[in-house]
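# Structural features, examined
As a plain string of letters, each chain reads:
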Amino acid sequence: MDNELKENKNSSTDVESVVKITRKEFEDGSYEETRVEQVEGGFITTLCTRKKVNGEWEYKDEKSVSIEDPSKDNSTEGIANRLESIFKGLL
């Protein structure tokens, strides 16, 4: 499941952020969810993992910060598509 949300932060600067969510669900009810939030100056990635280990639920959240979009498609096809859209914009 992939979603893209625009959140309007209630702050004095009224900054809007874009959040992309990807979620993988498994048969036992566990899941991995990745949230990539675009903020001023970069991206904040949150990886939420919920899984059963020895019959007990384990919860883990990891956050990281990067300058480049970690959800960007860096395959040959993804790069070609971005270049094509840039060239179309120049014409």
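This one's a predicted model, so the numbers in the text were calculated from it and none came from an experiment.

## Quick look at the overall build of the chain
- If you tally the helices and strands in the chain, you get 1 helix and 5 strands.
- Counting helices and strands in the order they occur from the N terminus, the chain gives β-β-β-β-β-α.
- Evaluated residue by residue, the chain yields a buried proportion of 20% over its 91 residues.
- Sequence-distant contacts in the chain: of pairs separated by 6 or more residues, those separated by 24 or more amount to 16%.

## Considering the pattern of salt bridges
- On inspection of all chains with the given rule, the structure shows 6 salt bridges.
- Here Lys-20 makes a salt bridge to Asp-69, at a shortest N to O gap of 3.2 Å. Placement of Lys-20 in strand E2 (residues 16-25) and of Asp-69 in the loop between strand E5 (56-66) and helix H1 (76-90) is noted, with a sequence separation of 49 residues between them.
- Note that Arg-23 is salt-bridged to Glu-25, the shortest N-O span being 3.0 Å.
- On the basis of relative accessible area, Arg-23 is assigned to the partly exposed category, the value being 23%.
- Taken together, the shared-partner salt bridges connect Arg-23, Glu-25 and Glu-33 into one network.

## Topic: the pairing of E5
- Alignment of strand E4 (residues 42-53) against E5, held across 11 bridges, turns out to be antiparallel. In the sheet register, Val-53 faces E5, and the bridge partner there is Glu-56.
- With antiparallel pairing between neighbouring strands as the criterion, E4 and E5 make up a hairpin whose turn holds 2 residues, including Asn-54 at a positive phi of roughly 55°.

## A few points about unusual backbone geometry
- Phi is positive for Asn-54, which is not a glycine, with a value near 55°.
- Within the fold, Asn-54 resides in the loop between E4 and E5.
- For Asn-54, a relative accessible area of 79% gives the class exposed.

## What to know about the side chain of Thr-46
- Its location among the elements puts Thr-46 in strand E4.
- According to the relative accessible area criterion, Thr-46 is buried, its value standing at 12%.

## A look at the packing of aromatic side chains
- In this structure the tally under the stated criterion is 0 aromatic pairs.
- Over the face of the ring belonging to Tyr-31 we find Arg-23, whose NZ or CZ atom lies 3.6 Å from the ring centre.

Rules behind the numbers
- Residues numbered from 1 in each chain as written.
- Predicted model: local features only at pLDDT ≥ 70, side-chain atom pairs only at ≥ 80, totals over all residues.
- Heavy atoms only, no water.
- Helix = DSSP H or I, 4+ residues; strand = E, 2+ residues; numbered from the N terminus.
- Buried < 20%, exposed > 50% of the residue type's maximum accessible area, 1.4 Å probe, protein only.
- Contact = heavy atoms within 4.5 Å.
- Salt bridge = Lys/Arg side-chain N within 4 Å of Asp/Glu carboxyl O.
- Pairing = 2+ DSSP bridges.
- Phe/Tyr/Trp six-rings, centres within 6.5 Å; stacked < 30°, edge-to-face > 60°.
- Lys NZ or Arg CZ within 6 Å of the ring centre and 35° of its normal.

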